[in-house]
Structure formats: structure tokens, C-alpha cells
Amino acid sequence: MSDDVIHSGSASALVLDIRGLQVATQSSPAKPILKGIDFAIAPGETLCLVGESGSGKSVTSLAVMGLLPKGSLKATGGRIELEGDSLLEVSSTRLRDLRASRMAMIFQEPMTALNPLMRVGEQIEEVLIMHQKGLSSAQRRERVLEMLDQVQLPDIERVFDSWPHQLSGGQRQRIMIAMALILEPKLLIADEPTTALDVTTQKQILKLIKALQERHGTSVLFITHDMGVVADIADRVCVMRHGEVVETQPIEELLRRPRTDYTRQLLTAVPSLRPRAARAVTDREIVLEAIELEKRYGERSAWARWTGKATSQTLAASDIDFALTRGRTLGIVGESGSGKSTVARCVMRMIEPTGGGVRVMGKDIASLGRAALKPHRKRIQMIFQDPFRSLNPRLKIATSLVEGPVNYGTSREEALAKAAELLALVGLPKDALDRYPHQFSGGQRQRIAIARALAMEPDVLVADEAVSALDVSVQAQVLELLDDLQRRLGIAVLFITHDLRVAAQICDEVMVMQKGVVVEYGPAERVLGSPEHSYTRSLMLAAPGRHWDFSEFRPLDRVFEETSTATSTAIIYQ
Amino acid sequence: MIVAAICLASIVIIAILAPWLAPHDPLDMSPADRLKPPSDTYWLGSDAYGRDLLSRVLYGARISLIVGIGSALISVVVGLPLGILAGFFRGLDAVIMRVMDGLMAIPSVLLAIAIVSLISANLWTVMAAITIPEIPRIVRLVRSVVLSAREEPYVEAAVSLGSSLPTVMWRHLMPNTLAPLIVMSTYICASAILTEAILSFLGAGLGTETPTWGNIMAEGRTYFLIKPSLIFWPGIVLSICILSINLLGDAARDRLDPRLQKRGAAQ
């Protein structure tokens, strides 16, 4: 998608024009959130608003829609013009008319953006009832069905009468898009519309937005933190940081010749899709092994067995075999529902596996009781996805860090001294010990969580999406830290992720899972470099921005492309 | 809210200082002074046995507050561990919650009357009778909080750090329940005071030799047409007391429940 898009229309025909927009909190003293930002969108253009959390990109979109939370945020200066209407000055009635008819928005979370108590067809129809009076109900239905067809939903008559919970995440996002575009607005604001979706679904949604945009000539303001997505869809990019615009450039220019250090830094932090070379094997000792591991939900209860009633069972994971040697990193990749987290939790004995074995340092722990398990828990520790929930908010960092060692008989003083050392190891100041989790940023908390795991001197670290919740630059730092710790301490890491880029950069071996089974397992270089299974291929093909080598500021010279067609395309579009 | 706090504080002080504040002994009968109107000696008048109404109302505050605070404390002490256990262990959950469902199915005043009439009525049995029907409310509350908190990653982290189950429950789960518990216990306190008054009024509570707001009213009922103030004064104090406690409970809930607080600034 590197073809240059011709910018049609002169400056006077801008769809959206934002000049010196300022937004501040309404607390006293007022804290500025947007410090005078400028950008404009031409007809039919896609402008990507990129930035890390707290950069103000979402606030910008809310300000345009006139949806700033009342009582806490307020536009204090500047102008927002939508085809000549000054949005900060028009009446609220006019603003309501403009929404949906001239500008529309789609949100990040398709699971909660629809009303669960209304059939989806009626929800789309509601837009027509509000804004296009005089249509008969038959006409409205026809318009909605036509729109459902345009967003490429199957079996549109059935979808029209479905409830939101009957549809998948991708389908719901299509409904949201249909709702947003049914009145053919001039401007579509998409706030991280694909972040909550799997990569293959994401690819389809991005394609759909592009297709509809070309068909209706809609301008798109696309908000994202994902540089891969930006590279795939943007015409121009506006980089934001701390409520200011850092730079605005056409996409090719930005990727090749970023003008500011910040953009350069953002781009270099994007992990490359090309797998790194595997490290030399130094130690053959197997620290973690899974043997025909299986987890099945909905076990037949005694009652069901007695009455002879069949209960539905779900195989969350079956036949999982892997071996992890000291100092190596094994990645488990897959989309949501693939069973990768189930495997991690079985290995940790957070949930009970229903079959097979888990060996930690050669000892099978899969069926040990609570007391017998305790000495082995120490050997294997976990880092969680959400650093905001993985530390007890009521405990000081010191208390969290010494809890484990004290459980295994270390004296409190000794554990405290060790905790201070560990904090230094993960790059945090010593005085962090006396503070509470809320006083730290997400990245810092993840470092604390790592320190807590390391305090147990484990042989294996299980990292379940440990960097997914972090901004890309912070993510790079945490990955670097893990790599460094691994080299120094010889810990083996089981790394669960949905992000192929991250997997490519940190894993020696990769295991790809789909619907509870392993479809491909081998050295990262082979699995991600020349995948054999069609599912792995479809994952690779769906990875956003896969043509671009961000850290080198140029396109990749060798890109994995689909060669054998029939089977894998069927999977992508299933 | 401040008014409520002041009201409640003064009732507490009155209860503590009743022996010094009361102009007469609440049990001191003087047959000559039956049903006197308010005067210099009897500020609020006297009852059918010539006892000083003011002194009896002041002393009555003691029983009410002891019963209210005591019931709230006991139901928390009993309900909290039961709730945590029910929330944590699936097997126990079924047993504990069915017992609680059973208790909840019985009307609380009826249960209290049954308990009191089974065993003789003294302060402890009355308190027990009032507390037992309140326990299921605490257990349910704690259980629901624990059920959601145990899914938090930091609880899982504690398990994988080898913390024993009591440690996990005490250090990581219990603190989550405190805020809702404080709120709930104020409501229990208020409803216990009310139940005690109802029991006394019905004659199922403490004997008439102990002045409580409930039995002052019960005795005054007979003379309602001649001297309504016998019901009026204890009734007023009772209402103010319960209203203040409930207002304080609401204030505590607003303060402790982040959803009811004003939404913070930037997202």
C-alpha cells in the first residue's frame, strides 16, 4: 500500500481544519491537555493521528465530535472547522445534526459500543429515524440492508435481526462502521477501531474502511498507536506527544525521513517482523517441559453422568508438547481463543490441566497437591499482561517484593536487601520500595512485576502478553530488560503473545497455536521466516506494516508473500 | 451530613454520660407524680409510674447504641470470614450460601421473636436475635467482592509466589471488602436499633425494668390519648438517631465508591 495518493482539492475545500485547538481540565488549577494543535484533512484523505498513551489523540477526536466529558474537559481556545461550520461555536442542536450526517465515529471496543438490548438492524435504523425523516420503514430497512451488504456481512437478512451478542468482534465492528457510514458523512473518525481485534480480523476491517472510503469519498481521521497500521492505511501522518503536534508529514516522507527525534524514536522502537537469528545453544538442560498437555472445560459432572445427559465440552488446549531449555525463549503465538493463555496458566498450575504432564526441572507438577506443589512454585514465575492489576494497589512495593522470599523462609531483612538490589537490576531507584503502585507508570510497574518474579530466583519466567499493554517505546525497553536479564541470569522464558513482531524479536523457538492445538513449532527463524502451515502464513500476511522496516527507515527488501494460494486465502477470508 | 454527625455524636455522648446527665433515676417510681406534664422537676413530664421520662429516654440511648453497634460488629466478625470462605472455596460456597439463603427466607423480626421467646430475654439474647438475620447480608456482600477480586492478577501472583491461602485471603482479598463493609455495617447498625425498638415495643425484648426506647413507647401506648408525649419523645430521638446513621452511611458510600465520585480529568 505504498502507492502515492493524489491529494485532490485545494486548501479551501478542506473537510476538517483544526487551528490552535486547546483543551484543558476544568479542575483548578486547570491543566492543559491539548496545547494548541493544528492539522487539516482534505476530502478523501486518511490522516493518521499517532502517539503514545497520554499524547491527547483521543481527546482531539472527542473535541471534534463535541463529546468532551462535561465538567472535566473543556475546549479553551482555537477553532475546529468542519466544511465551514465552526464546531466550537455552533449550537448543540446543530452539532447533533452534524454528527452522523457530516461526521461519524467508530470506537475501539466493539463489544461495548452496541446496545445489547437492541437488534443490530434496529440500531442502524435508529440513525435514519433521527436524521432522515420521511423515509418509510420499508425504505429504511432497504437502506440498512444495503449498508450491511456494503460492509460485507454474510446473510444480511439474518444479521439485521441478530442481537449484538450473537456476532463476533469483527462483525460488530462492521455493524459500527455501517452505522457510522449510512448517512454518508464527509468525515469518519476511527479511534483505535482495530486494536481490540485479532490481526486477521484487523486486516479485513482496515481493507473494508479503505474500500468504503474510496467508494464514498469519505475523509478518515484514524487514531492509532500502531505504526504498522499507520504504514498500511495513512496518506498523511500527524504525530502527537504531550498534547502537541510533533510533526505532520505524508506517510512515505515520515517513514523514510522523520524530521524529529521523537518520531525517529517511535519508529526505531517498532520491533522488526524479520526474526532475529537464533542464539547459540549453550545449555541443554530442559527446565520446562509439557507432555501431551490438555485442558478441557465443561467436564461432565456427576449429575450429568448419572442422568446420562451429554454436556458440551470445550477443548481449550490439547496435545501440547514442548521443551524449554535453560536460557532460551519459547514464544507461543496465536489469536484470541487459540489456547495460548490456557497453556501458560496450566503450566503455572493456576488452572488444573485435565490431562498430560508439566515437568519443571524434570519433576512432574501437573498432579501435585497444594502442599507438594509449593517447593516447585518457586522455580516458575509469571509476569502478567496488565501492570495496573498485577500489583496489589494497597501494598507498598517493598511488601510486594518480599512476599515471595519470606514465604520460602528468607528473613525479612534479607529479602528487603535483595529487593533493593532487584530494583536496581530492573532500573528503578531504591526509594521506590516505600512507594505504592499508583505512583508508577505502566512500564515501571511492569519492571516491578519482573523484579517480584525474579526475587524467587526462578528457572522459568512465564510472560503472558507481558508487553501488550505498554506503549511501543516502553515495550522496547521492557523487552530489552528481559533480554538482558536472561543473558545475565540464564532464565528460560515462555513468552505468550499475539504480536508477531515481538515474537520475532525475542523468541528462539516459536509455537503457533490455533483453536487449542499447535499448528507449527520450531526455530523462530524458520516458523516466522518461511512458515509452512497455512494458518501461520495467514497470520504473517495479516501483520500490519509488514512491507516496512521501521527501524531502518526503508521498505523491507525481502517480504514474505503468499505463493501457494488456494488453501491459505480460504483461511484469511473465512 | 455534618448535621447527622453532630446528632449522632450528641446521642453517643448522652448515652455515655446518662448517669450524670439524667436528673432522676430512671427506675425511681413516685406514685404521687404519675403522668405529670413537663415541669421544673420532670422536664419532659413523667410516666404512668411517676418515673422521669427524660431520664428514661437518656438511659434508653445506651441500650439502643449498644445493640446497634454490637450487632453491626458481631455480624461483621461472623460474616466476614464466612463470606471470604464462600467466595474462595467452591465447595464451601454451596453449603454456606444455602444456609444463608435459609436464614434470609425467614422474616427477621419473626426470627428474632422466636429466638427471644425460646431463650429468656436479656441483652445478649436480644442482640443475638437481631444479629443472626443480618449476617446473610454481610456474607453475600463479602462473597461477591471476593469472587471478583480473586480473579485479579495480583491475587494469582500471590499464589504463584507461594503465599499460603490464609495469607492470600487476609492480605490480598480482605482489604477489598473493607469499604463496602463499613457502609453496610452502618445500615445494619440502624436497622438493629430499629429492630430492638420493635422487639421491645412488642414486649419480646428486654424487660420493662430496663428502659429502652421501644418499651417506653410500648408502655406509653396505653396512655396515648391522655399523654402522647410518652410516645412522641422516644420516637423522635429514635428517628433522629436512625436517620443520622443512615445519612452517615450514605456519605461513606459516596466517599468510598469511586463510581459515584465525580469523574476524573483526562482519559
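Model, not experiment: these values are computed from the prediction.

## Things to note about the overall build of chain B
Right, so step 1: Counting its secondary structure elements, chain B contains 10 helices and 0 strands.
Right, so step 2: When the helices and strands of chain B are read in sequence order from the N terminus, they spell out α-α-α-α-α-α-α-α-α-α.
Right, so step 3: Considered along the principal axes of its C-alpha atoms, chain B spans approximately 75 × 50 × 30 Å.
Right, so step 4: Evaluated residue by residue, chain B yields a buried proportion of 41% over its 267 residues.

## Topic: the overall build of chain A
Right, so step 1: Along chain A, the regular secondary structure elements total 21 helices and 22 strands.
Right, so step 2: Its C-alpha atoms give chain A principal-axis dimensions of roughly 70 × 60 × 50 Å.
Right, so step 3: When each of the 574 residues of chain A is scored for burial, the buried share is 45%.
Right, so step 4: Taking the contacts inside chain A whose residues are at least 6 apart along the sequence as the reference set, 70% of them involve residues at least 24 apart.

## A few points about the sheet that holds strand 14 (residues 355-360) of chain A
Residues and elements named next belong to chain A.
Right, so step 1: In spatial order, the strands read 12-11-14-15; together these 4 strands make up an open sheet with antiparallel pairing. Across the chains shown, the open sheet's two edge strands, defined by having one partner strand only, are strand 12 (314-325) and strand 15 (363-364).
Right, so step 2: Relative to strand 15, strand 14 runs antiparallel, the two sharing 2 bridges. Within strand 15, the position partnered with Arg-359 by the bridge is Asp-364.
Right, so step 3: Sheet strands in contact with helix 12 (residues 340-347) are strand 11 (286-297), strand 12 and strand 14, and its direction is about 115° off that of strand 11.

## Concerning the nonpolar core
Right, so step 1: With 223 residues, the main nonpolar core has Val-460 and Leu-494 of chain A as its most contacted residues.
Right, so step 2: When residues in this core are grouped by element, the largest group, 14 residues, is from helix 8 (residues 165-202) of chain B.
Right, so step 3: Aside from chain neighbours lying at most four places away, what touches Val-460 of chain A is Val-287, Leu-288, Leu-324, Val-360, Arg-379, Ile-380, Ile-491, Ala-492 and Leu-494 of chain A.

## Quick look at the interface of chain B and chain A
Right, so step 1: Each partner contributes to the interface: chain B provides 18 residues, whereas chain A provides 29 residues.
Right, so step 2: Where the side of chain B that touches chain A is concerned, the elements lending two or more residues are helix 7 (153-160) and helix 8 of chain B.
Right, so step 3: The element that contributes the greatest number of residues to the side of chain B that touches chain A is helix 7 of chain B, accounting for 6 residues.
Right, so step 4: Of the residues belonging to the side of chain B that touches chain A, the class tally is 8 nonpolar, 6 polar and 4 charged.

## Let's talk about the UniProt feature "domain: ABC transporter" (unreviewed entry) in chain A
Right, so step 1: Here the UniProt feature "domain: ABC transporter" (unreviewed entry) sits at residues 18-267 and 288-540 of chain A.
Right, so step 2: As annotated, residues 18-267 of chain A has a helix share of 40% and a strand share of 25%, and its two end C-alpha atoms lie 26 Å apart.

## Concerning helix 6 (residues 169-181) of chain A
Residues and elements named next belong to chain A.
Right, so step 1: Compared with the 18 Å implied by 1.5 Å per residue over 13 residues, the 18 Å span of helix 6 between its first and last C-alpha is a close match.
Right, so step 2: Counted residue by residue, helix 6 has 10 buried out of 13 residues, so it is predominantly covered.
Right, so step 3: On its buried face, helix 6 is in contact with strand 6 (103-106), helix 3 (120-131), helix 4 (137-150), strand 7 (187-191) and helix 7 (199-216).

## Digging into the sheet that holds strand 8 (residues 219-224) of chain A
Residues and elements named next belong to chain A.
Right, so step 1: Reading across from one edge, 6-7-8-3-9-10 is the order of the 6 strands in this open sheet, with mixed pairing throughout. Strands with a single pairing partner mark the edges of an open sheet, and in this sheet they are strand 6 and strand 10 (244-250). When the angles between neighbouring strand axes are averaged without regard to direction, this sheet yields 15°.
Right, so step 2: Pairing between strand 7 and strand 8: 5 bridges, direction parallel. Looking across to strand 8, one finds that Leu-188 is bridged to Val-220.

## Topic: the domain arrangement of chain A
All names here are of chain A.
Right, so step 1: Per the domain assignment, the segments making up chain A are domain 1 (16-113 + 186-268), domain 2 (286-379 + 458-530) and domain 3 (396-455).
Right, so step 2: Residue-level contacts link 9 residues of domain 1 with 5 residues of domain 2.
Right, so step 3: For the side of domain 1 that touches domain 2, the elements supplying multiple residues, two or more each, are helix 7 and helix 10 (261-268).
Right, so step 4: Partitioning the side of domain 1 that touches domain 2 into residue classes produces 3 nonpolar, 4 polar and 2 charged.

## Regarding the pairing of strand 8 of chain A
Residue and element names in this part refer to chain A.
Right, so step 1: Taken across its 6 residues, strand 8 has 6 buried, putting it largely inside the fold.
Right, so step 2: Taking every second residue as pointing to the same face, both faces of strand 8 are buried, with Ser-219, Leu-221 and Ile-223 on one and Val-220, Phe-222 and Thr-224 on the other.
Right, so step 3: Strand direction decides the pairing type here: strand 3 (residues 46-50) and strand 8, joined by 5 bridges, are parallel. Residue pairing in the sheet places Cys-48 in a bridge with Phe-222 of strand 8.
Right, so step 4: Read as a crossover between parallel neighbours, the route from strand 7 over helix 7 to strand 8 is right-handed.

## Overview of helix 15 (residues 412-425) of chain A
Residues and elements named next belong to chain A.
Right, so step 1: In a regular helix each residue adds 1.5 Å, so 14 residues correspond to 20 Å; helix 15 covers 20 Å between its end C-alpha atoms and thus fits that length.
Right, so step 2: By the burial criterion, the buried members of helix 15 are Ala-415, Ala-419 and Leu-423. Within helix 15, the buried residues cover an arc of 80° as seen down the axis, which keeps them to one side. For helix 15, exposure combined with an orientation more than 90 degrees from the buried face picks out Glu-413 and Glu-414.

## Quick notes on unusual backbone geometry
All names here are of chain A.
Right, so step 1: One non-glycine residue, Glu-184, lies in the positive phi region at around 50°.
Right, so step 2: In this structure, Glu-184 sits in the loop between helix 6 and strand 7.
Right, so step 3: For Glu-184, a count of 14 C-beta atoms within 10 Å gives the class partly exposed.
Right, so step 4: If you check the backbone angles, Met-361 has positive phi at about 50° while not being a glycine.

## Comments concerning the environment of Asp-93 of chain B
Right, so step 1: The topology assignment puts Asp-93 of chain B in helix 3 (residues 90-105).
Right, so step 2: With 50 residues separating them in the primary sequence, Asp-93 of chain B and Arg-143 of chain B have C-alpha atoms 8.7 Å apart.

## Focus on the packing of helix 2 (residues 53-88) of chain B against helix 3 of chain B
Residue and element names in this part refer to chain B.
Right, so step 1: At their nearest, the axes of helix 2 and helix 3 sit 6 Å apart, and the two run at 135° to each other. Our classification of the angle between helix 2 and helix 3 gives oblique. Residue-level contacts link Leu-82, Leu-85 and Ala-86 of helix 2 to Leu-92, Asp-93, Ile-96 and Met-97 of helix 3.
Right, so step 2: When the residues that make up the contact of helix 2 with helix 3 are grouped by side-chain class, the tally is 6 nonpolar, no polar and 1 charged.

## So, the confidence of the model for chain B
Parts of the model with low pLDDT should not have their predicted coordinates read in detail.
Residues and elements named next belong to chain B.
Right, so step 1: Averaged over every residue, the pLDDT of chain B is 84; the share at 70 or more is 96%.
Right, so step 2: Mean pLDDT values over the elements of chain B span from 82, in helix 4 (residues 108-118), up to 93, in helix 6 (residues 135-149).
Right, so step 3: This stretch, residues 261-267, has a pLDDT under 50; its non-local contacts, to residues over four places away or in other chains, come to 14 contacts.
Right, so step 4: Under the prediction, the complex receives an ipTM of 0.75, its pTM being 0.80.

## What to know about the environment of Ala-231 of chain A
Residue and element names in this part refer to chain A.
Right, so step 1: Structurally, Ala-231 can be placed in helix 8 (residues 227-233).
Right, so step 2: Expressed as a C-alpha distance, the spacing of Ala-231 and Glu-247, which sit 16 residues apart in the sequence, is 16 Å.
Right, so step 3: In this view, Ala-231 contacts Ile-251, Leu-255, Gly-545 and Trp-548; residues no more than four positions away in its chain are not counted.

## Details of the pairing of strand 9 (residues 236-241) of chain A
All names here are of chain A.
Right, so step 1: For strand 9, the tally of buried residues reaches 5 of 6 residues, placing the bulk of the element in the interior.
Right, so step 2: Pairing between strand 3 and strand 9: 4 bridges, direction parallel. Looking across to strand 9, one finds that Cys-48 is bridged to Val-237.
Right, so step 3: Inspection of the sheet shows strand 9 paired to strand 10 by 6 bridges, in the antiparallel sense. Note on strand 10: the bridge partner recorded for Val-239 is Glu-247.
Right, so step 4: Between the end of strand 9 and the start of strand 10, which pair antiparallel, lie 2 residues, with His-242 showing a positive phi angle near 50°.

What counts as what
Residues numbered from 1 in each chain as written. Chains lettered and ligands numbered in written order. Predicted model: local features only at pLDDT ≥ 70, side-chain atom pairs only at ≥ 80, totals over all residues. Helix = DSSP H or I, 4+ residues; strand = E, 2+ residues; numbered from the N terminus. Buried ≥ 20, exposed ≤ 12 C-beta atoms within 10 Å, placed from the backbone. Contact = placed C-beta atoms within 7 Å. Pairing = 2+ DSSP bridges. Axes fitted to C-alpha atoms, helices over the stretch in contact; angles between N-to-C directions. Core = buried A, V, L, I, M, F, W, Y, C linked by C-beta atoms within 7 Å. Nonpolar A, V, L, I, M, F, W, Y, C, P; charged D, E, K, R; others polar. UniProt positions renumbered as here; feature names shortened; annotations may be inferred. Expected span 1.5 Å × (residues − 1). Domains from an automatic or database assignment. Right-handed = clockwise from strand over helix to strand, strands pointing away. Arc of directions from axis to C-beta. Parallel < 35°, antiparallel > 145°, perpendicular 65-115°, else oblique. pLDDT = per-residue confidence, 0-100.

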